[in-house]
Amino acid sequence: MIIMAEENYTPSWDIGRRCLNPLIELRETEDEVIVTADLPCVDKENIEITAEEKTLTIKAEMRKDIQFKSWGGAHRKVRFNSFRRRVSLPAIVDTDEAEATFKRGILEVRLRKRKGSKIKIQ
Amino acid sequence: MKTDIQLVEREKPEEGTTAVLAFPDVGLVGLISVKHIIKEMEMREIGYLTSSDFPPITVVHEKRPSHPIRLYKDGGFTVLTSEIPIGPNLIGPVIESIMNWLERVNVEKTLILGGLPHQNRTEVDEPEIHGVPTNENMESLLNDKNFHILEEGFISGINGALLLKLSDREASGIYLMAEAHRNYPDPGAAASLLQAINDLEGLNINVEELRKKAEEIKVAARDLMRQTKETMQNTAKSQEEEMPIMYG
């Protein structure tokens, strides 16, 4: 059964900004944080990724507007034209050492975790 | 769990048909495939599953209120599809209801459609099809068409439970899976699965339209995929990617 905590519900679209929230996945290895995002209707040239120590922001313009005419509610009149998502990262990352690829509509960003200092045992 | 699940038929399917079942699961592959089959074969709705234990959701379809779990038919095929993910509490009762119906209408065989998670899906041009048959006849059918048969592994969630129930009751069935993104809608995998069904059943379902609309489907399916991901996390879905113990 689906139990949805309504107080935590956030819609997957933003009428004001005409943007959609992309699906993302986040996984962590010993030295990396890997974020992937599903970005249909997007070309590589129109993706903007900004990494900070603990957050990653993905903005992507779609190559065509998407309108859900048959849906109910106010958003049926809106022509959505972009994806936007801010992701909280599970570790502090080194923003200079990030790599990104975009293949078959899936964006993958690999961020290296900031290395700690070794502590000598007295 | 006691429930009041009812399978309501507005029209009876013919006996001896092939039943095709699909629930929201890996990459929504089964669901996307079945929606395309219903549209391409111009199937008509013949019934639904209802229960006070289902989430209180009414689907508005073609301007009319509709049940989230519906039955369709056309010619030699009967289709059951769900637009809500089935959580662990409801899997047993939903399966029992479906199995009783399959036996009552005396289906010839049952195809369960789904996706098999592939970690490097973006590297795969044409997703491979894998099958799990319930008996030798179904195994021969897969072998004749050169489909890969899963020899060892785990299948979780409602699809695995349905397959096991078919096997327990000595019914003919196949779980057909296309390699797919686990948590992103995968119309490309659905297109591969439909080609396999064309091959298996001698059909001619046009998959080009599905490939053309793949990006729009991915956009529209985001919310259902998000709900399905939450449900899959409660049905040990990650175990499908784990190695079973090998012996013998």
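In case you missed it, the structure is sitting above this.
Residues numbered from 1 in each chain as written. Chains lettered and ligands numbered in written order. Predicted model: local features only at pLDDT ≥ 70, side-chain atom pairs only at ≥ 80, totals over all residues. Heavy atoms only, no water.

As for the sheet that holds strand β9 (residues 106-113) of chain A
Residues and elements named next belong to chain A. Our working rule: Strands were regarded as paired on the criterion that DSSP finds at least two bridges between them. A run of H or I in DSSP becomes a helix once it reaches four residues, and a run of E becomes a strand once it reaches two; helices and strands are each numbered from the N terminus. Note on geometry: axes are C-alpha line fits, over the in-contact stretch for helices, and angles between N-to-C directions span 0 to 180 degrees.
The four strands are arranged β3-β4-β9-β8 in an open sheet whose pairing can be described as antiparallel. Taken across any chain shown, the strands that pair with only one partner, and hence form the sheet edges, are β3 (24-28) and β8 (93-103). On average, each strand axis in the sheet is tilted by 15° relative to the strand beside it, whichever way the strands run. Pairing of strand β4 (residues 32-38) with β9, which is carried by seven bridges, proceeds in the antiparallel orientation. Bridged to glutamate 32 within β9 is arginine 112.

Remarks on the interface of chain A and chain B
Accessible area lost upon the coming together of the parts is a frequently used measure of interface size. Rules: Any two residues whose heavy atoms approach within 4.5 Å are treated as being in contact. Accessible-area loss on putting two parts together, using a 1.4 Å probe and summing over both, is the definition of buried area adopted here. By convention in these notes, a salt bridge is any Lys or Arg side-chain nitrogen within 4 Å of a carboxyl oxygen on Asp or Glu. Pairing of N or O atoms within 3.5 Å defines a polar contact, subject to two protein rules: one partner must be a possible hydrogen donor and the other a possible acceptor, and residues neighboring in sequence count only if both atoms are side-chain atoms. Under the convention adopted here, Pro, Cys and the residues Ala, Val, Leu, Ile, Met, Phe, Trp and Tyr are nonpolar, Asp, Glu, Lys and Arg are charged, and Gly plus all remaining residues are polar.
Tallying the contact residues gives 26 residues for chain A and 25 residues for chain B. Both faces combined, the contact of chain A with chain B buries some 2,400 Å², and carbon together with sulfur accounts for 55% of it. Seen at the junction of chain A and chain B, the total is five salt bridges. Residues glutamate 216 of chain B and lysine 64 of chain A are paired through a salt bridge, measuring 3.2 Å at the closest nitrogen-oxygen approach. For the pair chain A and chain B, the interface holds 13 residue pairs in polar contact (both at pLDDT 80 or more). Counting residues per element, the ones that place at least two in the side of chain A that touches chain B are β3, β4 and β6 (55-66) of chain A. Here the residues of the side of chain A that touches chain B are counted per class, giving 16 nonpolar, four polar and six charged.

Focus on empty space enclosed by the protein
Residues and elements named next belong to chain B. The test is simple: Computed over the protein atoms alone on a 1 Å grid, cavities are sets of points where a 1.4 Å probe fits but cannot get out and pockets are open sets with protein on both sides within 12 Å along at least five of seven lines; a residue lines them when it has an atom within 4 Å of a point. Grid points are joined across faces, edges and corners, and a volume is the space filled by probe spheres set on the points.
Inspection of every chain in the model, using the stated rule, returns two cavities of 30 Å³ or more. Counted as a void, the largest cavity has a volume near 80 Å³. Phe23, Pro24, Asp25, Pro85, Ile86, Gly157, Ile158, Thr228, Thr231, Met232 and Thr235 are the residues that line the largest cavity. Within the residue set of the lining of the largest cavity, elements represented by two or more residues are α4 (157-168) and α8 (222-233). The element contributing the most residues to the lining of the largest cavity is α8, with three residues. Among the residues forming the lining of the largest cavity, the class breakdown is six nonpolar, four polar and one charged. Quantified by volume, the second largest cavity comes out at close to 30 Å³. For the second largest cavity, the full set of lining residues is Val20, Ile37, Met41, Met43, Phe77, Val79, Ile197 and Leu203. The class makeup of the residues in the lining of the second largest cavity is eight nonpolar, no polar and no charged.

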